[in-house]
Structure formats: C-alpha cells, structure tokens
Number of protein chains: 2
Amino acid sequence: MTRICDNHQMHCNSPTWILCALCALVPVSCGAAPKNMGEILASSAPSDWRTPDPGNTLYLELSTGRVVIELAPQFAPLHVANIRKLVRAGYFDGLAVIRLQDNYVAQWGDAEGTRALPAGVGDVAAEFDAAISPSMHFTPLPDKDGYAPQVGFTDGFPSARNEQLHLTWLAHCYGMVGVGRDENPKSSGAELYAVIGHAPRHLDRNVALVGRIVKGVELLSSLPRGKGELGFYTKVESPLPIRAVRIAADVPIAERSNLEILRTDTPLFTALVESRRNRPEPWFKVQAGNIELCNVPLPVREP
Amino acid sequence: MTRICDNHQMHCNSPTWILCALCALVPVSCGAAPKNMGEILASSAPSDWRTPDPGNTLYLELSTGRVVIELAPQFAPLHVANIRKLVRAGYFDGLAVIRLQDNYVAQWGDAEGTRALPAGVGDVAAEFDAAISPSMHFTPLPDKDGYAPQVGFTDGFPSARNEQLHLTWLAHCYGMVGVGRDENPKSSGAELYAVIGHAPRHLDRNVALVGRIVKGVELLSSLPRGKGELGFYTKVESPLPIRAVRIAADVPIAERSNLEILRTDTPLFTALVESRRNRPEPWFKVQAGNIELCNVPLPVREP
C-alpha cells in the first residue's frame, strides 16, 4: 500500500552538517544517524513531559467523546477567569456546536443568543496580546515568520513576540481555541471556537486566544460543515449538542483524562523541531531546511 | 450571535498608503475606501474568470456528492497522463477513501493493493518539480516564504519557484491533490491524496502534486478519521466507496459541474491578495501586512 510518509521510518540521508548540528543539541552519541521524531520521543525522559494543571484544563463533553483543552491564563487571564465562571455555572451545558466552516473554525455556544450569562460574567477588555513576563518559558524557532518578528513556543503554546514592544501573543495554529466576538474588541468568553483548518494567522492579535485542544480535535474537525453563511448551521441541520463543559479539577480523578504533554523548553524539544525542519526519514528526497510555526507537532501521550 | 469575521463587511480602516497602492492596481476611483474581497469579486468582469478545461477536470463521485479536481499537466505531465488512463479504464470505480489522517490528508485508492493497473500504466519518473516555461502565467506574492525563494500562483495553482535553477513546483496547500508513493520516487498515480489540514509544505518537492480540488473538498475533510496507523481505515471501519472517477470531458454536458475559477494573473487578483494582506473590514483591529501562500483564497463560482 502506497503511503505518504509520516514519522515512522528509521534511516538517515541527511548531510553531515545536519548530523553535527543535532549532536550539539541532544544527548546522543556523535556519529549516530539523526533521529526521527518517533526515535526522539522514544529516547525522552520523564522530565521531558509535563502534566497539564487540572485547574487549567477544560473537558468539552460531546456524545462522540471528550475534547480536552489546555487553557493559557498567562495570555488571557480575564477571559480564562470568565470561562471558569461560565463552566462552573453550567452555562455551556446543553448548548451545541453551532458553526463548522471548512478549513477554518468550529464554534460552540448559544445559537439563539437567549441564554443569560451568569452573574458576574460580562465582556472584559480585549486580550489580543500580553506583556512578556519572566515566568514565560519561550523557545524561539530558528526560521523567520511572515506574521511576527519572532515565533516559537511558550509553555507549550505556539506564540509570537515583539521584543521591542515587550509584547507576546498566541498564534492561530490548528487546534487553538479563541473567543468569538463582534466588532467590539471586548468579549465575554461565552462563544468559543477552535481552528480546524489551515492556520488563519491574520486573526492573530485580533481575538483573545485562550488555549489549545490537546486531545480530541478530530471530534470537531470531522463534523459536517454548516450550510449557512460562514459555516453556521441552519435550522434544518442538527448541531452536535454539548453534554457539558467541565474543569478537570472539578471532575473525580477516576474520570479525568490522564495526559502528558511534551515540554517545549527542553533540549529534546529543540531536537524534535530540528527533526521536522530536516526530515531524516529516507522517504524524504528533499529536506525543507525550514519549519513554519504551525507545522511543529506538540506530542501528547497517555502514560 | 458572536462571529469570527470573514469577508462580509464593508468599511475600511486601512492607512492611506494601502489605499493608494490599491488605486494603482485596480480600476476603482481614487479616494474610495479599500474594498474587501466580496466587493472586489462583485466588481469583477467576466474576463477575470476562467472555465477549467473539461479534459483536465476530474470528478470524484462519492455517495455524498462530487469532488471536482482541476489537474495541472504543466507540472506533472506523466502522472496526469497516467491518471487519465486509469480513469478511462475505470480503475478507481468501486475503490474507496482508504485513509483520513486528521490535519493532514485524505487518500483514496486500493486498500488491498490487489487491483491490477490497466495495460500501459506503470510507475513513471518523479515529477517533484518542472522547468519554468514561458507558457506559465506566474503571479508572485509580495511576502517572503520560508520554504522557497519565491511563491505565488501559476495558472490558478499555488506554486513556488527557484529562478536560479529555472525550476517551479506546486505547493502543498489545503485541497491540493498529490500522488502517494513509497520510498521509490517513482509512482503511477493509482493512489491519490488531498491535503485536508494545515499545509504540509515539507512535502513540497517530495511528491508529484497533480492538481487542486476546486469544489467539494468538505466531502473529504469531514469524513471520520481512520483509527489505523497514519489514519488508514482499519478492517472494522467502513471507508466511503468511490462510485466512479470520470474526466469531465467524458461526461455529458448536462451532467457536468458548471464552474468558473478566478484567474490569478489579473490586476483584480492582485487587488484581492492585497485585500487579504491588510483586511479592510472594521472587525480587524490589527492588519497582518502579510499573507502566506496557503492563506490566499482562490474563489470558484457557479455562474
């Protein structure tokens, strides 16, 4: 069966300089062939992985399964605080996925706009970017980006930076979760969307991004596309209902998703990025020598 | 209902220099606000559109509808010739979509690998790139690309160039169709795939791309993801069967899809690109000043 290769091959046809670049970065014996992603992950130590904070983890419970979202309060503290209140008030329970626009976004919330927000939740200030903080662990990518002066990963999230302005923001890669809004730059967090297509990076700094789907994005991306304008479901369609949205910390431990996410501030992650910039698998006849922010995989495992 | 804006708004908050840049490019009266994509398309002339050649158009007929693929023989003449022979021999009819890997590709062909290729069809030489030809109408993008010295559109297809080497190749954007292969760089065209996720540009120059889906990509992108390795469907899953693949020229005119595709070698298309680099809709608070190759929309209409 003819395949388009992914990350399951073993040998190496990289030129020597790539090998040497890798040797400087990862604890492998020099002279060995560059490792592919599977081999790099197989060589990882427990300290290369982290367990997401249950207080910053959302479960979007659908009849088809659970979508797990890691929140990013360091980038959007006001919206994340609102979302926690909305979840704990049961606001999302019984609402639905209301929009599926091909190669763009899945959106969920109140199609009718009639459900009242719980007390204490309203529009908050735009959180399109955040001040760079010393508590953020940023790993820059080596390649240039067209949309920002610098891009890389901040504590597991694809992000961009303008160091002159001391600003950072999350980037609209596949699986990122943001806050729908109208022309007012303020928003509440009651309408959320996830990117399910090619990264719409032009939305960066125009929306508050609040997190990333770390498991189950395919439960959204494989939904039927909405027939209405902008992919909204029309009245004759049957949007997938949301059974509940919960914060993992509020769920009994036995019912939680047991996930570990690869850290992005380690030499192993830097080696993984290099293994994707220049793919060592022999299937690849030409190596890209480049990787775009939204093409870097962010592995998640169930220990 | 809170929306993430797309292309349906009317006003403008662009700085004046963008306005002036646009005035040089499109036949609008100077002093008018920059147009958004919808307005630019509304102002198009019949000559801004083209009808795809029925001899270079494939219909992938599924029980859920028709996927229309425009072939690019100028980039992969040997594979396109093979695909025409395969189609006319009925090779694909009754086969199935055999792989759906989330955020990557849909692939169709012979899961069992037992169907014989028709007489006269076998592996042909790799067509990972092509010589730049004066018959190609190339419109470069103004922004830099990380994967190639130059990118833009060649006769409607996203493409890249290395002018020093006199080479051009198609780019793995959403909806592009390519030829699955094993480690041998040769391939026949009997296994085809379409990109249904973030552009895997690292595949550029590693696979023969043969065309682009111009209608119906959502019939593939919304399919259930395969549970096997690399998203292949396992034996317990039910892959979507292919009723038939046909060349439009072989289909009675009354049964053909009547499509027009926006030309990419016109001042109107250049204005459209600019309207996406700097979105004039007031929903956008920050303009990107940039567009990545695979974020440029390629409008198709049914007259």
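Along every chain, residues carry numbers that run from 1 in the direction the sequence is written. Written order decides the labels, with chains lettered from A and ligands numbered from 1. Local features in this predicted model are restricted to residues of pLDDT 70 or higher, and side-chain atom pairs are both shown and tallied only at a pLDDT of 80 or more, whereas totals for entire chains, interfaces and linings draw on every residue. Side-chain numbers here rest on the full set of heavy atoms in the structure, without hydrogens or water.

So, on to the overall build of chain A. Strands here are runs of E lasting at least two residues and helices are runs of H or I lasting at least four, both read from the DSSP assignment and numbered beginning at the N terminus. In terms of helices and strands, chain A carries five helices and 16 strands. The rule is simple: take the accessible area with a 1.4 Å probe, protein chains only, and divide by the maximum for that residue type; under 20% is buried, over 50% is exposed, in between is partly exposed. The buried share of chain A, taken over its 303 residues, is 59%. Pairs of residues are marked as contacts when any of their non-hydrogen atoms sit within 4.5 Å. Restricting to contacts in chain A with at least 6 residues of sequence separation, those with at least 24 account for 72%. Under the convention used here, a 1.4 Å probe and the Shrake-Rupley method define accessible areas, while residue burial counts only the protein chains that appear. Here chain A has roughly 11800 Å² of accessible surface; of this, 54% comes from carbon and sulfur atoms.

Here we take up helix α5 (residues 267-277) of chain A. Along α5(A), nine of the 11 residues are buried, which leaves the element largely enclosed by surrounding structure. Buried within α5(A) are the following residues: Leu268(A), Phe269(A), Ala271(A), Leu272(A), Val273(A), Glu274(A), Ser275(A), Arg276(A) and Arg277(A).

Our focus in this paragraph is empty space enclosed by the protein. Gaps between atoms show up when a probe of the same size as a water molecule is rolled over them. Residues and elements named next belong to chain B. Every definition here rests on a 1 Å grid over the protein atoms only: cavities are sets of points where a 1.4 Å probe fits but cannot get out, pockets are open sets enclosed by protein on both sides within 12 Å along at least five of seven lines, and lining residues have some atom within 4 Å of a point. Grid points are joined across faces, edges and corners, and a volume is the space filled by probe spheres set on the points. The final tally for this structure, using the stated rule, is five cavities of 30 Å³ or more. Estimated volume of the largest cavity: approximately 70 Å³. The wall of the largest cavity is formed by Phe75, Glu127, Phe128, Asp129, Trp169, Leu170, His172, Leu203, Asp204, Arg205, Val207 and Leu209. Each residue gets one label: Ala, Val, Leu, Ile, Met, Phe, Trp, Tyr, Cys and Pro are nonpolar, Asp, Glu, Lys and Arg are charged, and the others, such as Gly, are polar. Of the residues contributing to the lining of the largest cavity, the split by class is seven nonpolar, one polar and four charged.

Residue and element names in this part refer to chain A. What the three strands build is an open sheet, ordered β1-β15-β16; its pairing is antiparallel. In the strand order of this sheet, the two ends are held by β1 (49-50) and β16 (300-301), each with one partner. Pairs of strands are assigned from DSSP output, requiring at least two bridges between the strands. Summarising the sheet, β1 and strand β15 (residues 260-262) pair through two bridges and their orientation is antiparallel. Considered in β15, the bridge of Trp49 is made with Leu262.

In summary, the pairing rule links any two rings of Phe, Tyr or Trp, Trp by its six-membered ring, whose centres are within 6.5 Å, and it sorts them by plane angle into stacked for under 30 degrees, edge-to-face for over 60 and tilted for everything else. Considering all chains together, one arrives at six aromatic pairs over all chains under this definition. Centre to centre, the rings of Tyr91(A) and Phe92(A) are 5.3 Å apart; their planes meet at 85°, and the pair counts as edge-to-face. Residue classification places Phe92(A) among the buried positions, given a relative accessible area of 1%. Ring geometry for Trp283(B) against Phe284(B): centres 5.0 Å apart, planes inclined by 80°, an arrangement best described as edge-to-face. Here Trp283(B) and Phe284(B) have matching classes, each one buried. Note on criteria: charge over ring means Lys NZ or Arg CZ within 6 Å of the ring centre, with the direction from the centre no more than 35 degrees off the ring normal. Its guanidinium or amino end placed over the ring of Tyr59(B), Arg66(B) lies 3.8 Å from that ring's centre, counting from NZ or CZ.

Moving on to the pattern of salt bridges. Salt bridges are identified by distance alone: a Lys or Arg side-chain nitrogen within 4 Å of an Asp or Glu carboxyl oxygen. Counted under the stated rule, the structure contains 30 salt bridges over all chains. Asp143(B) is the partner of Arg277(B) in a salt bridge, and the nearest nitrogen-oxygen pair spans 2.7 Å. With Arg277(B) in helix α5 (residues 267-277) and Asp143(B) in the loop between β7 (138-140) and β8 (150-154), the pair connects residues that are 134 residues apart, well separated along the chain. Assessed through its relative accessible area of 13%, Asp143(B) is described here as buried. Beyond isolated ion pairs, a larger network of salt bridges with shared partners links Glu61(A), Arg66(A), Arg246(A) and Glu255(A).

Of the residues lining the interface, 60 residues belong to chain A; the matching set on chain B comes to 60 residues. The term buried area refers to how much accessible surface (probe radius 1.4 Å) is lost by two components on association, counted for both of them together. Overall, the association of chain A and chain B removes approximately 5500 Å² of surface from exposure, summing both partners, and the carbon and sulfur fraction of that is 55%. Throughout this description, a polar contact denotes any pair of N or O atoms lying within 3.5 Å of each other; where both atoms belong to protein, one of them has to be capable of donating a hydrogen while the other can accept it, and for residues adjacent in sequence the pair is counted only when both atoms sit in side chains. Between the two partners, chain A and chain B, sit 25 residue pairs in polar contact (both at pLDDT 80 or more). Elements with a minimum of two residues in the side of chain A that touches chain B: β4 (96-101), β5 (105-109) and α4 (217-221) of chain A.

A few words now on the pairing of strand β2 (residues 57-62) of chain B. Residues and elements named next belong to chain B. Where burial is concerned, most of β2 is hidden: six out of the six residues are buried. Neither face of β2 is exposed, since Thr57, Tyr59 and Glu61 on one face and Leu58, Leu60 and Leu62 on the opposite face are all buried. As defined by bridge partners, β2 adjoins strand β3 (residues 65-71) across six bridges and the pair is classed as antiparallel. Bridge assignment links Leu58 to a residue of β3, and that residue is Ile69. What sits between β2 and β3 in their antiparallel hairpin is a turn of two residues. By the bridge criterion, five bridges tie β2 to strand β14 (residues 242-247) in an arrangement that is antiparallel. Of the residues in β14, the one forming a bridge with Leu58 is Ile247.

With that settled, consider the environment of Ala148(A). Residue and element names in this part refer to chain A. Secondary-structure assignment places Ala148 in the loop between β7 (138-140) and β8 (150-154). Along the primary structure Ala148 and Gly211 are separated by 63 residues, whereas in three dimensions their C-alpha atoms are 19 Å apart. Every residue in contact with Ala148, bar those within four places of it in the chain, is listed here: Ala160, Trp169 and Arg201.

Our next topic: the relation of the copies chain A and chain B. The copies are overlaid by a least-squares fit using only the C-alpha atoms of residues whose pLDDT is at least 70 in both copies. With an RMSD of 0.0 Å, the fit of chain A onto chain B corresponds to turning through 180° and sliding 0.0 Å along the axis. Both copies are brought into coincidence by an operation consistent with a two-fold rotation axis.

Moving on: the nonpolar core. All names here are of chain B. Residues enter a nonpolar core if they are buried and are Ala, Val, Leu, Ile, Met, Phe, Trp, Tyr or Cys, with the set joined through side-chain atoms within 4.5 Å. By size, the foremost hydrophobic cluster in this structure holds 39 residues, and its most contacted members are Leu141 and Phe269. Contributing elements (two or more residues each) for this core: α2 (37-42), β8, β9 (157-162), β10 (167-170) and α5. No other element matches the five residues that α5 contributes to this core. Apart from the residues within four sequence positions on either side, Phe269 is in contact with Thr139, Phe153, Leu262, Arg263, Thr264, Val296, Pro297 and Leu298.

As a further point, take the sheet that holds strand β13 (residues 209-215) of chain A. Residue and element names in this part refer to chain A. Spatially, eight strands are ordered β4-β5-β12-β11-β13-β3-β2-β14 in an open sheet, and the strand pairing comes out antiparallel. Strand pairing shows two members of the sheet lacking a second neighbour, β4 and β14 (242-247), which therefore form its edges. The mean inter-strand angle of the sheet, taken between neighbouring strand axes irrespective of direction, is 25°. Across four bridges, β5 lies against strand β12 (residues 192-195) in antiparallel orientation. Bridging from a neighbouring strand, Ala106 pairs with Ala194 of β12. Its contacts with the sheet put helix α3 (residues 77-88) on β2 (57-62), β3 (65-71), β11 (176-179), β12, β13 and β14, and the angle it makes with β14 is roughly 125°. All axes here are fitted lines through C-alpha atoms, helices being fitted over the stretch that makes contact, and every angle between N-to-C directions spans 0 to 180 degrees.

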